Amino acid sequence: MDTGSNTATRTEHFGTLGDGTPVDRWTLERGGTRVRVLTYGAVVQSVEVPDRDGVRAGVALGLPDLASYQQYTGPYFGALVGRYANRIGGAEFVLDGRTHHVTRNEGRNHVHGGAVGFDKRVWGAHEITDGVELSLVAADGEEGFPGRLELSVAYTLDEDGALRIAYRATTDAPTVVNLTNHTYWNLAGADSGSALGQRLRIAAGRITPADAESLPTGEFLPVEGTRFDFREARPVSKEYDHNFVLDEGVTGPVAELYDDVSGRVLTVTTTEPGMQLYTADHFDGRPFGPCAGIALETQHFPDSPNRPEFPSTVLRPGGEYVSTTVYGFSAR
């Protein structure tokens, strides 16, 4: 079928789960960008882009085979995480007067969709213009969340080679939804070691400070005069796992990461109100070293179902969850 696409796509068998379910890999290529996406976890396995000399290399941390993705689940390499990305405090929330208890998988709290979140599911897939669309149905009560959720994510390449990730979801009962992509970026190359020192700019004048359990306190902390002030580009250091409140009204990229050795530039444009900066300090032996990649997770805020002062993540029947993030690539 002719989709009218300017992105070259192909699909191949990637592996088989223990229950016999096949997993495919889709390759998208346009201009200098090549992206590989798995039907397992809707994982972005690799992103290859050129440096200032035109030499293409992988800049997203990925694993070589299906067994590795099943072994190294905690880092969520390149996965789509949900139904609720980030944390829900106490693994419970009240919606319309009813308390819902969701899976505890980080101490007493819920994180990234639970024990078998969307990152561990096999998605349906079909070709669309300029890419691939993956789809999934999450049952009512799955991981404790109410409502049957029908969702899709489209991975496409724009004319300039940018990776566009567009999410949609509907529900048959009131629920909460917060989806993100958990790719780790290293613009020097996925196998180059630590990504620390690459220069980052974030259009965010505030963060939501967190407690010892990485749950937001409910405050909004101005970044001025703190280590969280990335309003002007500066090198990334270690020990970041924080939600940045993106400035409203920004028409262009809300973040830019730059590697001065390769000249590669990553920009992030999103419809989301927040972005989690995570420097992966505890990667040692899983299977990359500490700080081997920098995650820039566009999202609603952590624990929003328990924080009425935060933007709402409630989705109701008749409504539609719609979210788009674009990762752009260039070199200078």
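One can find the structure itself at the top, above this paragraph.
1. Section: the overall build of the protein chain
Helix and strand counts for the protein chain come out as 1 helix and 28 strands. The C-alpha extent of the protein chain, read off along each of the three principal axes, is 60 × 55 × 40 Å. Out of the 332 residues belonging to the protein chain, those deemed buried represent 55%. Put simply, of all contacts in the protein chain between residues at least 6 apart along the chain, 64% involve residues at least 24 apart. A total accessible area of about 13,100 Å² is found for the protein chain, and carbon and sulfur atoms account for 47% of it. Taken together, the 29 basic and 45 acidic charged side chains of the protein chain have centroids lying 2 Å from each other.

2. Brief notes about the nonpolar core
In this structure, V47, Y155 and I202 are the most contacted members of the largest nonpolar core, which totals 55 residues. Per-element accounting of this core gives the leading share, 5 residues, to strand β13 (residues 149–157). One finds L17, V81, A85 and Y184 within the second-largest nonpolar core, a separate group that totals 24 residues.

3. So, the sheet that holds strand β21 (residues 234–235)
If you walk across this open sheet you meet the 9 strands as β11-β12-β13-β14-β28-β24-β23-β18-β21, and the pairing is antiparallel. What marks the edges here is a single partner per strand, and that holds for β11 (124–128) and β21. One ladder, built from 9 bridges, connects β13 with strand β14 (residues 163–171); its direction is antiparallel. In the strand pairing of β14, L149 is matched with T171.

4. Structural notes on the pattern of salt bridges
Per the stated rule, a full pass over the model turns up 18 salt bridges. Between R56 and E29 there is a salt bridge, with its nearest N and O atoms 3.2 Å apart. Here R56, found in strand β5 (residues 56–58), pairs with E29, found in strand β2 (residues 22–30); they are 27 residues apart in sequence, far enough to count as distant. Accessibility expressed as a relative area gives 29% for R56, which makes it partly exposed. In this structure, E213 engages R108 in a salt bridge whose closest nitrogen and oxygen atoms are separated by 3.1 Å. You can see E213 sitting in the loop between β19 (206–208) and β20 (221–222) and its partner R108 sitting in the loop between β9 (98–101) and β10 (110–111), a full 105 residues away along the chain. A relative accessible area of 30% places E213 in the partly exposed class. Where salt bridges share partners, they join E29, R34, R36, E48 and R56 into one cluster.

5. Let's talk about the packing of aromatic side chains
Applying the stated criterion to the full structure yields 16 aromatic pairs. Judged by centre distance (5.4 Å) and plane angle (55°), the ring pair of F77 and F283 falls under tilted. Of this pair, F77 sits in the loop between α1 (66–71) and β6 (80–81) while F283 sits in the loop between β25 (274–278) and β26 (294–299); the two residues are 206 residues apart in sequence, bridging distant segments of the chain. Among the aromatic side chains, those forming a connected cluster through ring pairs are F77, Y184, Y278, F283 and F288. Over the ring of F230 we find R234; its NZ or CZ atom is 4.2 Å from the centre of that ring. R332 extends its terminal NZ or CZ atom over the ring of Y258, reaching a point 4.2 Å from the ring centre.

6. As for the pairing of strand β24 (residues 264–270)
In terms of burial, β24 is largely enclosed, as 6 of its 7 residues are buried. Bridge count between strand β23 (residues 255–258) and β24: 4 bridges; the pairing is antiparallel. For A255, the partnering residue across the bridge sits in β24 and is V268.

7. Re the environment of G90
Along the chain, G90 turns up in the loop between β7 (87–88) and β8 (92–95). Counting along the chain gives 231 residues from G90 to Y321, while the straight-line C-alpha distance between them is 25 Å.

8. Some words on the sheet that holds strand β22 (residues 241–245)
Taken together, the 6 strands give an open sheet; going across it, the order is β17-β26-β25-β22-β19-β20, and neighbouring strands pair in antiparallel fashion. Where the open sheet ends on each side, the last strands, each with one partner, are β17 (184–185) and β20.

9. A short note on the pairing of strand β1 (residues 8–16)
Sheet topology note: the β1/β2 ladder contains 8 bridges and is antiparallel. Counterpart to A8 in the pairing with β2 is E29. In sequence, β1 turns back onto β2 through a hairpin of 5 residues, with G20 there showing a positive phi of about 95°.

Analysis parameters
Residues numbered from 1 in each chain as written. Predicted model: local features only at pLDDT ≥ 70, side-chain atom pairs only at ≥ 80, totals over all residues. Heavy atoms only, no water. Helix = DSSP H or I, 4+ residues; strand = E, 2+ residues; numbered from the N terminus. Buried < 20%, exposed > 50% of the residue type's maximum accessible area, 1.4 Å probe, protein only. Contact = heavy atoms within 4.5 Å. Areas by Shrake-Rupley, 256 points an atom, 1.4 Å probe, with all protein chains shown as cover. Lys, Arg positive; Asp, Glu negative; His and termini not counted. Charge placed at Lys NZ, Arg CZ, Asp CG, Glu CD. Core = buried A, V, L, I, M, F, W, Y, C linked by side-chain atoms within 4.5 Å. Pairing = 2+ DSSP bridges. Salt bridge = Lys/Arg side-chain N within 4 Å of Asp/Glu carboxyl O. Phe/Tyr/Trp six-rings, centres within 6.5 Å; stacked < 30°, edge-to-face > 60°. Lys NZ or Arg CZ within 6 Å of the ring centre and 35° of its normal.

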